[in-house]
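Take a look at the letters that make up each chain.
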Amino acid sequence: MSLLRKTPSLELNNYTHLLQVNENYLKVCEKEKKELRDRYEWSMISYEVFVIKFRYLDKEIKDTKKLIEKYKAKIEELNLLINKS
């Protein structure tokens, strides 16, 4: 049995932190994707490397956007629960 009780406000803080981390990660991925395009346009990397990295970043961006939406929904739900109390 845990001594710490899971309260809505504690959960809200956790989800808010997760949201911030994922929003920052999304910015990093989008910046890296843009820089990757620039490097390819300037022939600094091969097509094969470009495609592999681009697909990976594209998938990371899509997955991170899904997580962000999930966290936003959970934060909204917890805010409603806290405001009712």
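Residues numbered from 1 in each chain as written. Predicted model: local features only at pLDDT ≥ 70, side-chain atom pairs only at ≥ 80, totals over all residues. Heavy atoms only, no water.

1. Notes on unusual backbone geometry
Right, so step 1: Although it is not a glycine, S43 sits at a positive phi angle of roughly 55 degrees.
Right, so step 2: Positionally, S43 belongs in the loop between helix 1 (8–41) and helix 2 (47–84). (Helix = DSSP H or I, 4+ residues; strand = E, 2+ residues; numbered from the N terminus.)

2. A look at the pattern of salt bridges
Right, so step 1: Counted under the stated rule, the structure contains six salt bridges.
Right, so step 2: Note that D58 and K62 form a salt bridge whose closest N and O atoms lie 3.6 Å from each other. Of the two residues, D58 and K62 are both situated in helix 2; the distance of four residues between them amounts to about one turn of the helix.
Right, so step 3: The residue D63 makes a salt bridge to K59 at a minimum N-O spacing of 2.7 Å. Here K59 and D63 lie together in helix 2, a separation of four residues that amounts to about one turn.
Right, so step 4: Residue D63 is classed as partly exposed on the basis of its relative accessible area of 30%.
Right, so step 5: Taken together, the shared-partner salt bridges in this structure form one network comprising K33, D58 and K62. (Salt bridge = Lys/Arg side-chain N within 4 Å of Asp/Glu carboxyl O. Buried < 20%, exposed > 50% of the residue type's maximum accessible area, 1.4 Å probe, protein only.)

3. Describing the environment of L10
Right, so step 1: Looking at the element boundaries, L10 is found in helix 1.
Right, so step 2: Separated by 62 residues in the primary sequence, L10 and K72 have C-alpha atoms spaced 15 Å apart.

4. What about the packing of helix 1 against helix 2?
Right, so step 1: Axis separation between helix 1 and helix 2 bottoms out at 8 Å; the angle between their running directions is 160 degrees. The angle between helix 1 and helix 2 falls in the class roughly antiparallel. You can see that helix 1 and helix 2 cross each other, and the crossing is left-handed.
Right, so step 2: Residue classes in the contact of helix 1 with helix 2 are distributed as 23 nonpolar, five polar and twelve charged. (Axes fitted to C-alpha atoms, helices over the stretch in contact; angles between N-to-C directions. Parallel < 35°, antiparallel > 145°, perpendicular 65-115°, else oblique. Left-handed = near helix turned anticlockwise from the far one by under 90°. Nonpolar A, V, L, I, M, F, W, Y, C, P; charged D, E, K, R; others polar.)

5. Looking at the nonpolar core
Right, so step 1: Grouped together as the largest cluster of nonpolar side chains are 14 residues, with contacts concentrated most on L19, L36 and F50.
Right, so step 2: When residues of this core are traced back to their parent elements, those giving at least two are helix 1 and helix 2.
Right, so step 3: Discounting chain neighbours no more than four positions away, the residues touching L36 are I45, F50, K53, F54 and L57. (Core = buried A, V, L, I, M, F, W, Y, C linked by side-chain atoms within 4.5 Å. Contact = heavy atoms within 4.5 Å.)

6. Side note on the packing of aromatic side chains
Right, so step 1: Under the counting rule described, the total for this entry stands at four aromatic pairs.
Right, so step 2: Aromatic side chains Y15 and Y71 sit 5.8 Å apart centroid to centroid with 55 degrees between the ring planes, which places their arrangement in the tilted category. Of this pair, Y15 sits in helix 1 while Y71 sits in helix 2, and the two are 56 residues apart along the sequence.
Right, so step 3: The partly exposed category is assigned to Y15, whose relative accessible area is 21%. (Phe/Tyr/Trp six-rings, centres within 6.5 Å; stacked < 30°, edge-to-face > 60°.)

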